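As a plain string of letters, each chain reads:
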Amino acid sequence: MKTRFNSKIVEKIWLKIANIISLNSYLLKDDIKYNLLKDHGRGIFVSLIGNLINIIGLLYIFYNQIGPTYILVGIISISAILLRRVYLGKIIRSLSVTNIAAVQNIWDRVCYNSIFYGIWWASTLFFIMQIAQSTQQLIVIAAGAGMMSGCTIAYRTIAPAAKITLTLMSIGCLAALLSLNSAVADATALLLGSYYLVLLRHIIGTSSDIITRLKREHELKVSADTINMLLTDFTEQGSDWLLEFNESGHLINPCNRMAEACLRPIETLDDSNIFDIFDKDEQSKDLKNHISLGHSVNKHIISLTIDNEQHWWSISARVSKYQNANDSNSSESRFLYRGVVSDITAHRQAEEKVNHMAHFDALTDLPNRFQFNQNLNIAMQSNTTKLGLMYLDLDNFKAINDTLGHPIGDKLLQSVSKRLQACLQNQDIVARLGGDEFAIIIQNSSEKICKSIAERIISVLSTPFQIDGHDIIIGCSIGLAIAPEDGITPEILLRNSDLALYSAKSNGRNRSVRYIAGMDESAHNRRMLEMDMRVALANNEMILHYQPIVDLIKEETIGYEALIRWNNPERGTVMPDQFIPVAEETGLIVQLGEWAIRKAIDDMRQWPDTFHLSINLSPAQMRSPSLIATIVNMLANTGISADRICLEITETALMQDSEANLATLHKLRELGLKIALDDFGTGYSSLNYLRSFPLDKIKIDRCFVDEIDSSEDCQAIIKSIVDLANTLGIVTAAEGVERDEQIQYLRDKGCVEAQGYLYSKAVPQNQLSNLTQRSDIEVDTLV
Ligand code: C2E
Ligand code: CA
Ligand code: CA
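Bear in mind that the values here come from a model prediction, so they are computed numbers and not experimental data. (Residues numbered from 1 in each chain as written. Chains lettered and ligands numbered in written order. Predicted model: local features only at pLDDT ≥ 70, side-chain atom pairs only at ≥ 80, totals over all residues. Heavy atoms only, no water.)

## What about the overall build of the protein?
Here comes step 1: Check the secondary structure of the protein and you find 28 helices and 22 strands.
Here comes step 2: Taken over 783 residues, the protein has a buried fraction of 47%.
Here comes step 3: A fraction of 65% describes how many contacts in the protein between residues 6 or more apart in sequence connect residues 24 or more apart.
Here comes step 4: Accessible surface for the protein amounts to roughly 40200 Å². Of this, 55% is attributable to carbon and sulfur atoms. (Helix = DSSP H or I, 4+ residues; strand = E, 2+ residues; numbered from the N terminus. Buried < 20%, exposed > 50% of the residue type's maximum accessible area, 1.4 Å probe, protein only. Contact = heavy atoms within 4.5 Å. Areas by Shrake-Rupley, 256 points an atom, 1.4 Å probe, with all protein chains shown as cover.)

## Quick notes on the coordination of the calcium ion (ligand 2)
Here comes step 1: At this site the calcium ion (ligand 2) is bound by Glu561 (OE), Asn616 (OD1), Glu648 (OE) and Asp678 (OD), with donor distances of 2.1 to 2.3 Å.
Here comes step 2: In the primary sequence, the donor residues of the calcium ion (ligand 2) line up as E-x54-N-x31-E-x29-D.
Here comes step 3: In this structure, the calcium ion (ligand 2) is positioned 4.0 Å from the calcium ion (ligand 3), and both are ligated by Asp678. Of this pair, Glu648 sits in strand β17 (residues 645-649) while Asp678 sits in strand β18 (residues 674-680), placing them 30 residues apart in sequence. Just as Glu648 is buried, Asp678 falls in that class too. (Donors = N, O, S within 2.8 Å, 3.2 Å for Na, K, Ca; no water.)

## Thoughts on the coordination of the calcium ion (ligand 3)
Here comes step 1: Every protein donor of the calcium ion (ligand 3) is listed here as Asp678 (OD), Asp679 (OD), Glu735 (OE) and Glu735 (OE), and their distances to the metal cover 2.0 to 2.5 Å.
Here comes step 2: Along the chain, the residues donating to the calcium ion (ligand 3) fall in the pattern D-D-x55-E.
Here comes step 3: Here Asp679 falls in the partly exposed class, since its relative accessible area comes to 26%.

## A closer look at empty space enclosed by the protein
Here comes step 1: Applying the stated criterion to the full structure yields one cavity of 30 Å³ or more.
Here comes step 2: As for the largest cavity, its lining consists of Met533, Arg534, Leu537, Ala583, Leu588, Gln591 and Leu592.
Here comes step 3: The greatest single-element share of the lining of the largest cavity, amounting to three residues, is contributed by helix α19 (residues 588-603).
Here comes step 4: Of the residues assigned to the lining of the largest cavity, the class counts are five nonpolar, one polar and one charged. (1 Å grid on protein atoms, 1.4 Å probe; cavity = no way out; pocket = protein on both sides within 12 Å on 5 of 7 lines; lining within 4 Å. Points joined across faces, edges and corners; volume = space filled by probe spheres on them. Nonpolar A, V, L, I, M, F, W, Y, C, P; charged D, E, K, R; others polar.)

## Some remarks on the pairing of β18
Here comes step 1: Among the seven residues of β18, five are classified as buried, and the element is accordingly described as predominantly covered.
Here comes step 2: By the bridge criterion, three bridges tie β18 to strand β19 (residues 697-700) in an arrangement that is parallel. In the sheet register, Leu677 faces β19, and the bridge partner there is Ile698. (Pairing = 2+ DSSP bridges.)

## Side note on the site of ligand 1
Here comes step 1: The local shell around ligand 1 holds 21 residues, among which Gln547, Arg565, Asn616, Glu738 and Tyr757 are the closest.
Here comes step 2: One of the side-chain nitrogen or oxygen atoms of Glu561 is found 3.0 Å away from an oxygen atom of ligand 1.
Here comes step 3: At 3.2 Å, a side-chain N or O of Arg702 approaches a nitrogen atom of ligand 1.
Here comes step 4: Computed on the free molecule, ligand 1 has an accessible area of 790 Å², of which 85% lies beneath the protein chains in the complex.
Here comes step 5: For the shell around ligand 1, the secondary-structure elements that each account for two or more residues are β14 (556-568), α18 (576-586) and β18.
Here comes step 6: Counting residues per element, the shell around ligand 1 draws most heavily on β14, at four residues. (Near = heavy atom within 4 Å. Polar contact = N/O pair within 3.5 Å; in protein donor to acceptor, adjacent residues only side chain to side chain.)

## With respect to the pattern of salt bridges
Here comes step 1: One pass over the full model with this rule turns up 28 salt bridges.
Here comes step 2: With a shortest N-O distance of 3.7 Å, Arg514 and Glu485 are connected by a salt bridge. Of this pair, Arg514 sits in strand β12 (residues 512-514) while Glu485 is found in the loop between β11 (475-483) and α16 (490-506), placing the two residues 29 residues apart along the sequence.
Here comes step 3: For Glu485, a relative accessible area of 43% corresponds to the partly exposed category.
Here comes step 4: Salt bridges here are not isolated pairs; linked through shared partners, they connect Lys386, Glu447, Glu485, Asp486 and Arg514. (Salt bridge = Lys/Arg side-chain N within 4 Å of Asp/Glu carboxyl O.)

## What about unusual backbone geometry?
Glycine aside, negative phi is the norm for most residues, and most peptide bonds take the trans geometry.
Here comes step 1: Following Ala483, the chain continues into Pro484 via a peptide bond in cis, with omega recorded as 10°.
Here comes step 2: If you trace the backbone, Pro484 turns up in the loop between β11 and α16.
Here comes step 3: Its identity is not glycine, yet Glu555 carries a phi of approximately 60°, on the positive side.
Here comes step 4: Here Glu555 is to be found in the loop between β13 (542-551) and β14.

## Points about the nonpolar core
Here comes step 1: With 76 residues, the main nonpolar core has Met542, Tyr546, Phe579, Leu613, Leu647, Ile649 and Leu746 as its most contacted residues.
Here comes step 2: For this core, the element with the highest residue contribution is α19, accounting for seven residues.
Here comes step 3: One finds Ile81, Val103, Met147 and Leu200 within the second-largest nonpolar core, a separate group that totals 57 residues. (Core = buried A, V, L, I, M, F, W, Y, C linked by side-chain atoms within 4.5 Å.)

## Quick word on the sheet that holds β11
Strand pairs in the sheet, formed through backbone hydrogen bonds, run parallel or antiparallel to each other.
Here comes step 1: Spatially, five strands are ordered β7-β8-β6-β11-β12 in an open sheet, and the strand pairing comes out mixed. Two strands bound the open sheet, and with one partner strand each, they are β7 (429-434) and β12. Put simply, the sheet's adjacent strands are angled 20° from each other on average, direction ignored.
Here comes step 2: Relative to strand β8 (residues 437-442), strand β6 (residues 387-395) runs antiparallel, the two sharing six bridges. Looking across to β8, one finds that Leu392 is bridged to Phe438.
Here comes step 3: This element, helix α15 (residues 447-462), spans β6, β8, β11 and β12 of the sheet and lies at about 165° to β11. (Axes fitted to C-alpha atoms, helices over the stretch in contact; angles between N-to-C directions.)

## Topic: the environment of Asp679
Here comes step 1: Structurally, Asp679 can be placed in strand β18.
Here comes step 2: Aside from chain neighbours lying at most four places away, what touches Asp679 is Thr650, Glu651, Lys699, Asp701 and Glu735.

## Observations regarding the packing of aromatic side chains
The way to describe two aromatic rings as a pair is by their centre distance and the angle between their planes.
Here comes step 1: On inspection of all chains with the given rule, the structure shows twelve aromatic pairs.
Here comes step 2: An aromatic cluster is defined as three or more aromatic residues linked by ring pairs; in this entry it consists of Trp241, Phe275, Phe278 and Trp313.
Here comes step 3: Here the basic side chain of Lys288 rests over the ring of Phe275, its NZ or CZ set 5.2 Å away from the ring centre.
Here comes step 4: A cation over an aromatic ring shows up here: Arg419 above the ring of Phe465, its NZ or CZ 3.5 Å from the ring centre. (Phe/Tyr/Trp six-rings, centres within 6.5 Å; stacked < 30°, edge-to-face > 60°. Lys NZ or Arg CZ within 6 Å of the ring centre and 35° of its normal.)

## A short note on the packing of helix α13 (residues 397-404) against helix α14 (residues 406-423)
Here comes step 1: Here α13 crosses α14 at 140°, and the two axes come no closer than 6 Å. By the angle class used here, α13 and α14 are oblique. Contacts between α13 and α14 involve Phe397, Ile400, Asn401 and Leu404 from the first element and His406, Ile408, Gly409, Leu412 and Leu413 from the second.
Here comes step 2: Considering only residue class, the contact of α13 with α14 consists of six nonpolar, three polar and no charged. (Parallel < 35°, antiparallel > 145°, perpendicular 65-115°, else oblique.)

## Some points on the side chain of Glu247
Here comes step 1: Following the sequence through the fold, Glu247 ends up in the loop between β1 (240-246) and β2 (251-252).
Here comes step 2: Side-chain polar atoms of Glu247 contact the backbone nitrogen of Phe335, separated by 2.9 Å.

## Describing the environment of His295
Here comes step 1: Its place among the elements puts His295 in the loop between α10 (282-292) and β3 (297-306).
Here comes step 2: The spatial distance from the C-alpha of His295 to the C-alpha of Arg318 is 8.2 Å, given a sequence separation of 23 residues.
Here comes step 3: Once you skip the residues sitting within four places of it in the chain, His295 turns out to touch His290, Val319 and Tyr337.

## Some remarks on the packing of α14 against α15
Here comes step 1: Contact geometry for α14 and α15: axes closest at 10 Å, N-to-C directions at 145°. The crossing of α14 and α15 is right-handed. Taken together, the residues of α15 that come into contact with α14 (itself represented by Val416, Arg419, Leu420 and Cys423) are Ile453, Arg456, Ile457, Val460 and Leu461.
Here comes step 2: Among the residues forming the contact of α14 with α15, the class breakdown is seven nonpolar, no polar and two charged. (Left-handed = near helix turned anticlockwise from the far one by under 90°.)

## Overview of the side chain of Asp395
Here comes step 1: Note that Asp395 resides in strand β6.
Here comes step 2: There is a polar contact of 2.8 Å between the side chain of Asp395 and the backbone nitrogen of Asn510.
Here comes step 3: The residues touching Asp395, leaving out its near neighbours within four places in the chain, are Ile474, Gly475, Cys476, Ser477, Arg509 and Asn510.

Here it is in structure tokens:
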């Protein structure tokens, strides 16, 4: 403890001594010495003038008392010393920061010069005092005191030199005074000695003050350099840059990065206002208000248009007060903003894209379900008049997507959305809710307007689409609900338009249906039916009935059409018209159809070998990959010839014109099966189908046969169908024959086959045995 105490005292004393004798000046950094020297260099001229005045004054007074040799030696020596100082001053002036290595050398040379200078003045004053008369001694003392103060000022920044010259001059003066041997001189010497101490103290104090100041300045400069370097780096390398402006938005020192970001030369930014660069919108107004009040800016987002492109900057700036330099009279303080700008355009665009993706369908760019629900909410809240909501579903879309592929399906959806938009007015909104479902909000509407828009949509969408070389025909079903009658909340309106759509689809598609009360009940019933049907096959509830097909020329049964029946314990016998559409919608038809094919071919084993079987085939069954395998498998199992089987397809299956469907039909024909076109005349009735696929039979729909004896149109249609079919070598069959007159007419016109209640209803297999002759049938008992 004691030793540490002692060593501290010793260290302190040593530091004091080192400070007094200026040893510590060797510890100063070169760049500080550089600044000290520069300061000294600036005072050399003034100190030279002071020396010259003193020397000339003394020469003038003592010229006659000093011998010329002394004068000569004195003048030459002081001239050499002063010239040397001037020379050093010149070197100091030319000294640059980059040549810091020379600093110590010049420092030392200045100190050496000060030794000679001090000796010269000390010896000169002592010498002159020896020859001075009593009044002249006062001048010597005054000159000595002046020189002591002068050297303190001249060397104020070079502490060692100041101390050397001051000490030497003081010694000279004191020695001169003491050599006079008088009490007054001794007292003056004492006074001068105290001056010396005061001046020495002053030198030590001043030099340490100056050194401290320089050190601080140096540190400040170093940190300023570092900050500048970092800021330059930040500005040049980063995506952000610095921004300075005043409370009115006037730009101060705009940087290159900002000019680059604005795609403008930097000169055009000088003297410009940030609000001239920004878009004149709410955000810009907000910022203007904000800064005019002197508030700091924190991540304020501002939009601007550069080269016709929307950009966004985020601005953060701190505020400080300053006095307007151009208006020194004004006591009003202004605000100076310094901050950082980040170009957040890319971020913002990504954000907007994500936002857009969350609200809009990527394929069609129409609002998605989420956005649609929002739009519907807003429309229903603000709408005081009627509002129409259409729920729209494309017919046959699934088949097109499956057979022609998703890329074509996607293009079709895009074309559909364009056609839909073209049918609507600006205030109406069409959205894609998913898959092939669309919804439309018709503002300020009425039933009449909605119906006419729905009709327009149906007609526009049934015009064929030309996509990648394919002629695609689709239709659409529309469910319509009108607020407030059909629902006062968005949820109810949506549900009811969906129910109306369901009804449109089950009523034959390609139509629009408005919601009516009770639809929910029938939808519920349909759902129950679907659930019951899912277990019907496993529970053996399905059975096949057969309806005879009669050859009109031979007047005998040549085969049967298999027609499915569903015997449900609770529902009783359910007819196919009720459950086949639901089975087709849900896909259950594939399973059901395959069961019917297996069962019918199996039942055929009981029939005479000449008898044919007709089986109905839904479009969905044709897309089933197991269809051909099922048929081939059953034919192989039963040994029944393929040409005894006729598959009845509808126009819808051909209408899709899909290569896959046609390929399936061709394969079936190659296997020897026959293909019949069912319900001819009810669908699109394009006679082109008769040419596009080699059909074996056309079944003329019941509606034409029904009115055969009363409608000339029907007669004409039947005649042309039969003529065309005969020309093409296709068999014609009439459906739904109930009266003898119909048979007569059909036979006269050349129709080959007929089916109908006139011969028999469809009956179970066990009742078929006697049904080979028309005469065998007791129509009344069977109906
Ligand atoms: P479809 O193929 O046009 O069958 C003819 C329909 O007309 C049958 O109705 C039949 O009972 C009825 N019908 C026959 N003759 C007369 C008549 O003289 N007068 C009247 N008014 N009707 C007559 P059904 O059995 O209700 O079948 C309806 C539809 O269900 C069929 O129409 C067919 O498209 C479909 N279907 C029936 N069974 C099957 C099946 O196993 N598979 C598939 N995919 N569809 C089937
Ligand atoms: Ca049929
Ligand atoms: Ca039919």
